[in-house]
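Close look at the chain arrangement
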Amino acid sequence: MIEVRGVGQRAGGGRRTLRDVSLTIESGELVAIIGGSGAGKTTLLDAIAGVRPPAEGEVRFDGEAPVDGDARVNGEAGVKGGARSFGYVPQDDIVHLEMPLRRTLRYAAGLRLPSGTPPERAERAVDAVMDALALTERAGQRVGSLSGGERKRASIAVELLTRPRVFFLDEPTSGLDPATAADLMRLLRGLADSGTTVVLTTHHPPDVAVCDRVAVLTQDGRLAFYGEPDVAREEFRVEAIADIYLRLAGTEAHEWEGRFGDEPAPAEGPGVGAFGQWALLARRNLDLLSRNRLTLAVLAGSPVMVLAMFAVLFRPGAFSPESPSPGATVMILFWIAFGGFFFGLTYGLLQICTELPVVRRERLTGLRVGPYVLAKVAVLLPLLALVDALMLGVLRGLDRLPAMGWGTYAELFVTLLLCSLAALALGLLVSAAVTDPAQATMALPMLCFPQVLFVGAILPVPVMAAPGRWLSYAMSNRWAFEGLGRSVGVERLWGSGRSPLGPPLLASYGDTFARAVAVDWAVLAGFTAAFLAGTCLVLARRT
């Protein structure tokens, strides 16, 4: 039983979106929240579910006060009894679209079921929810190829894995055709009849017909009515539920009943630990990556394209001691450093924003942001290492880099990999901060241009204006560029070469390349740690 007492909520700027809402939802009831756009339906649902605890009033579950909403532990999010006691399905899909349905549910079970759950029991839980939701025949089908109704059922299946006592859904029939919407509502009716309390918001008046009660919100967030749908029509003196909105403003169905009472609820126990989450999420990321052909094409194609441009742009023998080309060496080192930065940044930019709805829901089940972010790094870092090694190897093979020992090239590789890692961390930070992939794409040039202008290749840092010199310290690419120059030995090359450009150019750079390369590595590692910490903070705040 859920008791809502005097609940109020405020949006940004202090504007009130809910006002003194009180109602009681009995155990096993199916309740719909309706009202016009902006009336606060989702706000009320989130307040009841504990996704965003109310600013005023309280919500009690079976007579017990919730835990402090600001002291969430392992995703309890203000709900007494822990996150596994309720399910929440937002409007967005909370499943990855690239993988087959069964594999998607297996990963969800790994995150949601108690730590130590035997694999065969987790597999039985997956089979049970697919059978209950008539999805068994779609088990091997890619989630993205399912129909709208099937994808919504797949999102519900993720939540049913833990057999929640309370189920919250935000506009579950939005975007579905009438037949599919009616089919889904019969599913929820059967779920409620089996003893689970179901609360949903809807814009679709026919949804209300199968509900036990309906809560009607006015445009200013007040509760206008709460009771049975038939009584609501009488109260508002209308023939149909759809007419209530006017008052406030001036295929064969599946047999769902009986499908939810046979399987026992999973045993309670501690959630999956941080290392277990990291390992599971790393496997899932690798699985998702291997199944997304477009992403694979971009990851593999962009380094090939950049290397081809480098081969055409740079002439062989620029580092030759007999006839060095100081200007060319500066540009070669800079563009190698920028290539490592660009690869890392582009690999990270779309990693989080594309799956934020999934992350937000998984956070409520106990997902830790640290393992989530580090799992991204674990999958992408080996790819970046391969790309960086390939770039150095190809440029050396084409005589765009000098012949040096393995130790020197190992230094170059470490510098370039740390550059890529810092850029990857920056990309993840931006991806966590933006709201959609379009914004991440728009951020790409804004992040790249400063890394070109203030690194010290086009204009040496010592001759920059004071603001530019200070800004250059914040450019991770600067430290990679200078580290590469130190390892290659540009001071020695320019100082002893026959080119008249060498000594004057060297003088303009001052002691830029005189620093030990280990210092550059330490700075790049510091950038990486700072960006990853920022990513975790932003992600925790947003979810």
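Shown above is the structure to which this text applies.
Notes on the structure follow. Treat the numbers as computed from the prediction; the structure is a model and nothing was measured. (Residues numbered from 1 in each chain as written. Predicted model: local features only at pLDDT ≥ 70, side-chain atom pairs only at ≥ 80, totals over all residues. Heavy atoms only, no water.)

Read across the open sheet, the 6 strands follow the order β5-β6-β7-β3-β8-β9; overall the sheet is mixed. Of all the strands in the sheet, just β5 (86-89) and β9 (223-227) have a single pairing partner and so form its edges. The sheet shows a mean angle of 10 degrees between the axes of neighbouring strands, direction not considered. Relative to β5, helix α4 (residues 148-160) is tilted by about 160 degrees, and along the sheet it contacts β5 and β6 (166-170). (Pairing = 2+ DSSP bridges. Helix = DSSP H or I, 4+ residues; strand = E, 2+ residues; numbered from the N terminus. Axes fitted to C-alpha atoms, helices over the stretch in contact; angles between N-to-C directions. Contact = heavy atoms within 4.5 Å.)

Glancing now at the side chain of threonine 173. Position of threonine 173 relative to the elements: it lies in the loop between β6 and α5 (178-193). Polar side-chain contacts of threonine 173 include one of 2.5 Å to the side chain of aspartate 207. Setting aside its immediate chain neighbours within four residues, threonine 173 contacts Ala181, Leu184, Met185, Thr202, His204 and Asp207. (Polar contact = N/O pair within 3.5 Å; in protein donor to acceptor, adjacent residues only side chain to side chain.)

Spatial strand order, β2-β1-β4: 3 strands in an open sheet with antiparallel pairing. At either margin of the open sheet sits one strand with a lone partner, and together these are β2 (16-25) and β4 (56-61). Across the sheet, the mean angle from the axis of one strand to that of its neighbour is 15 degrees, orientation sign disregarded.

Pairing between strand β8 (residues 213-217) and β9: 4 bridges, direction antiparallel. Following the sheet pairing, valine 214 is matched in β9 by glycine 227. Count of turn residues in the β8/β9 antiparallel hairpin: 5 residues, of which glycine 221 carries a positive phi of about 85 degrees.

Along β5, one buried face is formed by Phe86 and Tyr88 and the opposite face, lined by Gly87 and Val89, is buried too. Alignment of β5 against β6, held across 4 bridges, turns out to be parallel. From the neighbouring strand, tyrosine 88 faces β6, where its bridge partner is phenylalanine 168. (Buried < 20%, exposed > 50% of the residue type's maximum accessible area, 1.4 Å probe, protein only.)

Right, let's talk about the packing of helix α2 (residues 101-112) against helix α3 (residues 119-132) for a bit. Packing of α2 against α3 leaves a shortest axis separation of 10 Å and a crossing angle of 125 degrees. In terms of orientation, α2 lies oblique with respect to α3. As α2 runs across α3, the sense of the crossing is right-handed. In this structure, α2 uses Leu101, Arg102, Leu105, Arg106 and Ala109 to contact α3, whose residues at the interface are Ala122, Glu123, Val126, Asp127, Val129 and Met130. The residue inventory of the contact of α2 with α3, partitioned by class, reads 7 nonpolar, no polar and 4 charged. (Parallel < 35°, antiparallel > 145°, perpendicular 65-115°, else oblique. Left-handed = near helix turned anticlockwise from the far one by under 90°. Nonpolar A, V, L, I, M, F, W, Y, C, P; charged D, E, K, R; others polar.)

Time to look at the pattern of salt bridges. Applying the stated criterion across every chain, the model contains 24 salt bridges. For arginine 189, the salt bridge goes to aspartate 212, with nearest N and O atoms at 3.1 Å. One end of the pair, arginine 189, is in helix α5; the other, aspartate 212, is in the loop between β7 (197-201) and β8, and 23 residues separate them in sequence. Overall, the relative accessible area of 26% leaves aspartate 212 in the partly exposed class. Here aspartate 230 ties to arginine 233 by a salt bridge, and the two come within 2.0 Å at their closest N and O atoms. Here aspartate 230 pairs with arginine 233, and both are found in helix α6 (residues 229-236), just 3 residues apart, close to one helical turn. What you see here is one network of salt bridges that share partners, running through Arg102, Arg106, Glu123 and Asp127. (Salt bridge = Lys/Arg side-chain N within 4 Å of Asp/Glu carboxyl O.)

Summed over the entire model, instances satisfying the criterion amount to 14 aromatic pairs. Measuring from ring centre to ring centre gives 5.4 Å for tryptophan 335 and phenylalanine 338, while their planes differ by 85 degrees; the resulting arrangement is edge-to-face. In this pair, tryptophan 335 and phenylalanine 338 both sit in helix α10 (residues 326-349), 3 residues apart, roughly one turn of the helix. Exposure remark for phenylalanine 338: the relative accessible area of 11% places this residue in the buried category. In this structure an aromatic cluster arises from ring pairing among Phe334, Trp335, Phe338, Phe341, Phe342 and Phe343. Looking at arginine 478, its charged tip hangs above the ring of tyrosine 473, at a distance of 4.7 Å from the centre. (Phe/Tyr/Trp six-rings, centres within 6.5 Å; stacked < 30°, edge-to-face > 60°. Lys NZ or Arg CZ within 6 Å of the ring centre and 35° of its normal.)

Let us look at the nonpolar core. Considering soluble globular proteins, one finds that nonpolar side chains tend to be buried as a cluster. Among the nonpolar cores identified, the biggest contains 81 residues, and Ile336, Phe481 and Leu539 are the most heavily contacted of them. At 14 residues, helix α13 (residues 406-433) tops the list of elements feeding residues into this core. Residue contacts for leucine 539: discarding those within four places in its chain leaves Ile352, Leu356, Val359, Val369, Tyr372, Val373 and Ala432. Ala109, Val158, Leu161 and Val238 belong to the second-largest nonpolar core, a separate cluster that totals 49 residues. (Core = buried A, V, L, I, M, F, W, Y, C linked by side-chain atoms within 4.5 Å.)

The topology assignment puts glycine 144 in the loop between α3 and α4. Classification of glycine 144 by relative accessible area gives partly exposed; the value is 27%. Setting aside residues up to four positions removed in sequence, glycine 144 forms contacts with Leu97 and Arg151.

So, on to helix α14 (residues 437-453). Taking 1.5 Å per residue, 17 residues should reach 24 Å; α14 reaches 26 Å between its end C-alpha atoms and fits that length. Of all the bends found along α14, the most pronounced is centred on alanine 443 and spans about 25 degrees, while proline 445, a proline, follows it within four residues. Along α14, the positions that sit buried rather than exposed are Ala440, Ala443, Leu447, Cys448, Gln451 and Val452. Put simply, aspartate 436 is the residue that caps the front of α14, since its side-chain oxygen is 3.0 Å from the backbone nitrogen of alanine 438. (Expected span 1.5 Å × (residues − 1). Bend = angle between axes of the 7 residues up to and from the residue.)

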